[in-house]
Amino acid sequence: MKKIEAFIRHEAFEPIRAELLDRGFPSLSMLEAKGSGRQKGIVEQYRGSTLTVNVRPKLKLEIVVEDKDKPLVVETILKHARTGEVGDGKIFVLPVEEAIRIRTGEDGEPVLQSHSEEEIPA
Amino acid sequence: MKKKLGLAALFAAFAALILPGAASAASISEVSGLVGEKTSELDMVWVAVACVLVFLMQAGFMFLEIGFSRQKNAGTGVAKVLVNFAIVTIAWWVLGYGIAEGGGNDLFGTSGFFFHFDQTIGQGEEAFNVAGPDAMLMLYGLAFCAVSLAIVWGTTLERIKFGAYVIYAAVFGAIIYPLVAHAVWGGGLLSDIGGKPVMDFAGSSVVHLTGAVGALAALLLLGPRKGKYDASGNPRVIPGHSMPLVGLGVIILWIGWFGFNGGSTFETSGSFFGEVMLNTQLAAAAGVIGASIAVWLKSRTLDVGMAGNGAIAGLVGITAPSGFVEYWAAPIIGIFAGFLVVYAVLAIDKVLDDPVGALSAHGLAGIWGTLAVGIFASPRLIVEGAGPGIWYGVFGDEPLGTALGQLGVQACAVVFTFVVVFAISIATFAAIRATIGLRVSEEEEEAGLDISSHGMYGYPENFIPEPEYSTGLPSTMGPMATPAPAVSPMSTTESA
């Protein structure tokens, strides 16, 4: 199992989410993040004085998938998050030891993404 | 007065037409007495409308200051305005009105304490017994006092102890503001300087400079907010959390100002309040334009807060001259005030932490407004004994000496206000600092005054994601049900 963490621009999130759902990956988390990188901070004007905000807002996407699905997810993120400008973000891939579904207590790869074989109550 | 007599004659003629034989001398005097009574009541209705508008300005100060604060100090602004408004009301009723308006000597009034019906106020020929109209005027005076007090706290945002409000509000409403009001409006020292009265129509000095000087005294003893200046003493920007709230505050103040200046006519005769209100609007508009141009020249952007400060500065600037100048002078006064406020805010920010610009918008613009009377006062409008503005001495045929004399008298008002208010205010704040303390602890400042002074947040969801789980209510949610500590270590989520 792999955890894919991607720091992306806000506007990249919706196309990534839509395509991952299409390809059978409905489970993901998204967090508001702030960070610094090669992209410079934001220079603001306030009451005639200059204010530099050194960290920029980004989204952090977290998706856990089976090892074999990793390239597909990474490719989807790259496809939509890349503009070619500084500030597109980064992707990190981490190994995951265990995954447990809280509702049932079952564990392992089946809990990660696919929901097709069971009825999901509304 | 001519107009009133004319109206009386008209009434009498009308009465003679419909009541044949009734136009005797007695009935004419009866009718003219009735007209006088109704005119006086109409005057008081206008003052009542104006009074409510000035009370509304409390909401303006509330929103302006909350908008310029960070989210962790939003709720405290509400409590501050309510408590100050309440205390100043009682202080004014007990002592303040008497000191301001109760006749007496050059320095303070000596009657009218615990204002009540049929009370004799004033001495000798000017004495009167309290009736309805006096209550109206007393209330209107309170509205001004409350505005002046609200100005004081602009410099103290985000770090002052709540107890300081309680003590200073009482001293301010009972002594500080009444002393200045007595000197200028209550027949005191400044109403006759070598035969010339100070002309301050609605209080550029009496109300606005007074408030700003109190604000300066508080700020000098309080010091800047944590993090306002870096290690080498350069100012850093601490942005307020809501420009929409600032804008709402500015517009409410602007609207309220029509009561502030317009109501200071105290009468409806000749609809003179219309002239005053038009002057007010022209100066406010010019203030916005002046400040917008100034800040654009400085930073190449149109700063939202500065445009608001410009409106306030224009309004403060026209407060003293509003009843004494012609329409053409109002935009000149306003645009200068707008420029002044921008450069003053930037200069003051280098050494003093004044989050809303009160020292500039109320203090310096207040001084400018008071002096502007001496520059632009029209011979048509000046009060008896006063000199016209020097403009009419230089470009008109008014005696320049008299005009310069009046400018000097206006300057006296500025100096008097500054000295009296600063001396009493700094003593009061020093006493507060020596006893209950003036400033919250560093930890409380970090956490924000909302949680540390009031035990709650102005915007709970921004600090406690699920506030209903942290109230100590019975719950099966486990650790989430733990009550939040009184002072949360919020430094990591500080909204700056």
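Here the residue numbering is sequential within each chain, running from 1 through the sequence in written order. Written order determines the labels here, with chains lettered from A and ligands numbered from 1. Reporting of local features is limited, given that this is a predicted model, to residues whose pLDDT is at least 70; pairs of side-chain atoms are given and counted only at 80 or more, and all residues count toward the totals for whole chains, interfaces and linings.

So, about the overall build of chain B. Helix numbering and strand numbering both begin at the N terminus, where a helix is a DSSP run of H or I of at least 4 residues and a strand a DSSP run of E of at least 2. Counting its regular elements, chain B contains 16 helices and 2 strands. Across the 496 residues in chain B, those meeting the buried criterion constitute 51%. Sequence-distant contacts, at least 24 apart, represent 72% of the contacts inside chain B between residues at least 6 apart. Each residue is classified by how many other C-beta atoms fall within 10 Å of its C-beta atom, where C-beta atoms are placed from the backbone; a count of 20 or more means buried, 12 or fewer means exposed, and values in between mean partly exposed. Contacts here follow a simple rule: the backbone-placed C-beta atoms of the two residues must lie within 7 Å.

Another point: the confidence of the model for chain B. All names here are of chain B. Looking at chain B as a whole, the pLDDT averages 89, with 88% of positions reaching at least 70. Taking the mean pLDDT of every element in chain B, the minimum, 54, falls on helix H1 (residues 2-18) and the maximum, 97, on helix H7 (residues 243-262). pLDDT is a per-residue confidence score from the predictor, ranging from 0 to 100. The model gives residues 473-486 a pLDDT under 50, and that stretch makes 11 contacts with residues more than four places away or in other chains. Taken as a whole, residues 488-496 scores under 50 in pLDDT and shows 14 contacts with residues more than four places along the chain or in a different chain. This prediction of the complex comes with two scores: 0.84 for pTM and 0.70 for ipTM.

It is worth spelling out the interface of chain A and chain B at this point. Chain A puts 6 residues into the contact, and the matching count from chain B is 14 residues. Breaking the side of chain A that touches chain B down by element, the ones donating at least two residues are strand E3 (42-46) and strand E4 (49-53) of chain A. Residues that form the side of chain A that touches chain B fall into these classes: 2 nonpolar, 3 polar and 1 charged. For this classification, the nonpolar set comprises Ala, Val, Leu, Ile, Met, Phe, Trp, Tyr, Cys and Pro, the charged set comprises Asp, Glu, Lys and Arg, and every other residue, Gly included, is treated as polar.

Residue and element names in this part refer to chain A. Here, a strand pair is defined by DSSP locating no fewer than two bridges between the strands. Two strands pair when backbone bridges link them, and E3 and E4 are joined in this way by 5 bridges, in the antiparallel orientation. Residue pairing in the sheet places Val-43 in a bridge with Thr-52 of E4. Linkage of E3 to E4, two consecutive antiparallel strands, is achieved through a turn of 2 residues, within which Arg-47 is found at a positive phi near 50°.

Another aspect to go through is the packing of helix H5 (residues 162-185) of chain B against helix H13 (residues 400-434) of chain B. Residue and element names in this part refer to chain B. Geometry is summarised by axes, namely lines fitted to C-alpha atoms with helices restricted to the contacting stretch, and by angles between N-to-C directions that run from 0 to 180 degrees. Viewed as axis vectors pointing N to C, H5 and H13 meet at an angle of 160°, and their least axial separation amounts to 10 Å. With respect to their mutual orientation, H5 and H13 come out roughly antiparallel. The hand of the H5/H13 crossing is right-handed. Counting all contacts with H5, which are made through Ala-164, Ile-167, Tyr-168, Val-171, Ile-175, Ile-176, Leu-179, Val-180, Ala-183 and Val-184, the residues of H13 involved are Ala-413, Phe-416, Thr-417, Val-420, Val-421, Ile-424, Ser-425, Thr-428, Phe-429 and Ile-432. Angle categories: roughly parallel below 35 degrees, roughly antiparallel above 145, roughly perpendicular from 65 to 115, and oblique for all the rest. Take the far helix as your reference; a near helix turned counterclockwise from it by less than a right angle gives a left-handed crossing, and one turned clockwise gives a right-handed crossing.

Residues and elements named next belong to chain B. One non-glycine residue, Phe-114, adopts positive backbone phi at about 45°. By secondary structure assignment, the location of Phe-114 is in the loop between helix H3 (75-101) and strand E1 (120-121). The backbone phi angle of Phe-266 is positive, close to 60°, even though this residue is not glycine. Turning to its location among the elements, Phe-266 is positioned in the loop between H7 and helix H8 (272-299). Classification of Phe-266 as partly exposed rests on a count of 16 C-beta atoms within 10 Å.

For the rest of this paragraph, the subject is the environment of A:Thr52. All names here are of chain A. Looking at the secondary structure, you find Thr-52 in strand E4. The class of Thr-52 is exposed, set by 10 C-beta atoms lying within 10 Å. The sequence separation of Thr-52 and Glu-106 amounts to 54 residues, and the corresponding C-alpha distance is 49 Å.

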